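One-letter residues, chain by chain:
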Amino acid sequence: MKLNTGYQRQGEYEHYVVDEPMPLLEWLLSHVAQSRSKVKATLQGRGVKVDGKTVSQFDFPLQPGMKVAVSKTKRNQQGFKSRWVKIVYEDRWLIVVEKAEGILSMAGGHAALNVKSVLDDYFRMSHQRCTAHVVHRLDRDTSGLMVYAKDMETERILEENWHEIVYDRRYVAVCSGEMEQDEGTVSNWLKDNKAYITYSSPVDNGGKLAITQFRVTARTTEHSLVEFKLETGRKNQIRVHAADMGHPVCGDVKYGNGDDPIHRLCLHAWLLCFYHPVTNQPLEFETPVPVAFRKLFK
């Protein structure tokens, strides 16, 4: 039976036939009766098929006559699953993920578990001829949003233009003690010593200038929930600056004070906004504050 332009419900998918050439996301937004956020989540969650093949590339070029199937659920249940890595967005050039605490961004030392190897396995399983290229890092025990390039040219563009491409990057942390100020800025120079401990100086010590904005969003007498916005991206910047303020990040064995209420480093990269390195489209991603963080402030 020939499908009409429009859709028919079949199983877990709604089926459409394309009637005009258009990039996939644009077509979905104009033809599928769902909110913009749900359409994007379905596409990012590998819940869209074109002519029977799963497609998550937002600018995939649709042509008249192509058949599009859209999952009725937010995510395609047969898609990628990992306890360590959650795919937030993917196209032909890059992939954005949310990493759990306890996994390295890339291979290091004798540790086999890292996000890059998880993604490389996923690319092989999904028959993609690419590998994950690291362009920035999160500490092993920090959770949150990261972007990886799929090819060397995209990696080069991101690395060489990182501070121009990334226009907003924020973290949330549980800090020890009740922070006195509601908001403010910490600015100093950071440098590693011979033991690879990063220390700060109010004057230029030959290190790198580090600037962090902070805003307290909740308090108890024991802890503060703080949003940090990076103006620079130095090694251990938030952890050192929080300690400088006398309110170190909870669970921080390197710069903390022993306060460890949920038995993990309480630092999460919750917001990442950047211009696409190839299309220049602004991309904005956010994740919820971890439940374990929020429970401390109920």
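Right above here is the structure, for reference.
These remarks concern the structure in this document.

Criteria and cut-off values
- Residues numbered from 1 in each chain as written.
- Predicted model: local features only at pLDDT ≥ 70, side-chain atom pairs only at ≥ 80, totals over all residues.
- Heavy atoms only, no water.
- Helix = DSSP H or I, 4+ residues; strand = E, 2+ residues; numbered from the N terminus.
- Buried < 20%, exposed > 50% of the residue type's maximum accessible area, 1.4 Å probe, protein only.
- Contact = heavy atoms within 4.5 Å.
- Areas by Shrake-Rupley, 256 points an atom, 1.4 Å probe, with all protein chains shown as cover.
- Lys, Arg positive; Asp, Glu negative; His and termini not counted.
- Charge placed at Lys NZ, Arg CZ, Asp CG, Glu CD.
- Salt bridge = Lys/Arg side-chain N within 4 Å of Asp/Glu carboxyl O.
- Core = buried A, V, L, I, M, F, W, Y, C linked by side-chain atoms within 4.5 Å.
- Polar contact = N/O pair within 3.5 Å; in protein donor to acceptor, adjacent residues only side chain to side chain.
- Axes fitted to C-alpha atoms, helices over the stretch in contact; angles between N-to-C directions.
- Parallel < 35°, antiparallel > 145°, perpendicular 65-115°, else oblique.
- Left-handed = near helix turned anticlockwise from the far one by under 90°.
- Nonpolar A, V, L, I, M, F, W, Y, C, P; charged D, E, K, R; others polar.
- Arc of directions from axis to C-beta.

Here we look at the overall build of the protein chain
If you tally the helices and strands in the protein chain, you get 7 helices and 18 strands. Looking at the 298 residues of the protein chain, the share that counts as buried comes to 49%. Nonlocal contacts in the protein chain, meaning residues at least 24 apart in sequence, comprise 60% of its contacts between residues at least 6 apart. As displayed, the protein chain offers around 15,300 Å² of accessible surface, 50% of which is attributable to carbon and sulfur atoms. The average position of the 40 basic charges and that of the 37 acidic charges among the side chains of the protein chain differ by 6 Å.

Regarding the pattern of salt bridges
Counted according to the given criterion, the structure contains 15 salt bridges. Measuring nitrogen to oxygen at the nearest pair gives 2.7 Å for the salt bridge that ties Asp139 to Arg239. You can see Asp139 sitting in the loop between strand E10 (133-134) and strand E11 (143-149) and its partner Arg239 sitting in helix H6 (residues 237-244), a full 100 residues away along the chain. The exposure class assigned to Arg239 is buried, which follows from its relative accessible area of 10%. Linked through salt bridges whose partners overlap, the residues forming this network are Asp168, Arg170, Arg215, Glu227 and Lys229.

Side note on the nonpolar core
Core analysis: the largest hydrophobic core is formed by 43 residues, its most contacted members being Ile95, Val97, Leu119, Tyr148, Tyr171, Phe228 and Val249. Not counting residues up to four positions away in its chain, the partners in contact with Leu119 are Val85, Ile95, Val97, Ala132 and Tyr148.

Observations regarding unusual backbone geometry
One non-glycine residue with positive phi stands out, namely Asn236, at about 55 degrees. Positionally, Asn236 belongs in the loop between strand E16 (223-230) and H6. Judged by its relative accessible area of 9%, Asn236 is buried.

Digging into the environment of Asp141
With respect to the helices, strands and loops of the structure, Asp141 is situated in the loop between E10 and E11. By relative accessible area, Asp141 is classed as partly exposed at 38%. Through-space distance from the C-alpha of Asp141 to that of Cys266 is 8.4 Å; in sequence the pair is 125 residues apart. Sequence-distant contacts of Asp141, defined by excluding residues within four places in its chain, comprise Glu101, Gly102, Arg264, Leu265 and Leu267.

Remarks on helix H3 (residues 115-125)
Taken residue by residue, H3 has Val115, Val118, Leu119, Asp120, Tyr122 and Phe123 as its buried positions. Against the buried residues of H3 lie strand E8 (85-90), strand E9 (94-99) and E11. You can read the cap of H3 off the contacts: a side-chain oxygen lies 3.2 Å from the backbone nitrogen of Lys116, and it is on Asn114. The positive-phi residue at the C-terminal boundary of H3 is His127, with phi of around 60 degrees.

What to know about the packing of helix H1 (residues 24-31) against helix H2 (residues 36-44)
Contact pair H1 / H2: the axes reach a minimum separation of 10 Å and the direction vectors enclose 135 degrees. As the angle between them shows, H1 and H2 are arranged oblique. Remark: the crossing between H1 and H2 carries right-handed chirality. Contacts between H1 and H2 involve Leu24, Leu25, Leu28 and Leu29 from the first element and Arg36, Val39, Lys40 and Leu43 from the second. Residues that form the contact of H1 with H2 fall into these classes: 6 nonpolar, no polar and 2 charged.

Focus on the side chain of Thr212
In this structure, Thr212 sits in strand E15 (residues 208-219). Taking the relative accessible area as the measure of exposure, Thr212 reaches 1% and is therefore buried. At 2.7 Å, the side chain of Thr212 forms a polar contact with the side chain of His241. Not counting the four nearest positions on each side in its chain, Thr212 is found in contact with Gly184, Thr185, Val186, Phe228, Lys229, Leu230, Gln237 and His241.

Quick notes on H1
Because each turn of an α-helix spans 3.6 residues, side chains separated by three or four positions end up pointing in the same direction. For H1, the set of buried residues is Leu24, Leu25, Trp27 and Leu28. Viewed end-on, H1 has its buried residues packed into an arc of 160 degrees, placing them on one side of the element. Where H1 is buried, its residues touch strand E2 (13-17), strand E3 (22-23), H2, strand E4 (48-50), strand E6 (61-62) and strand E7 (67-71).

No statement about biological role is implied by the geometric values presented.
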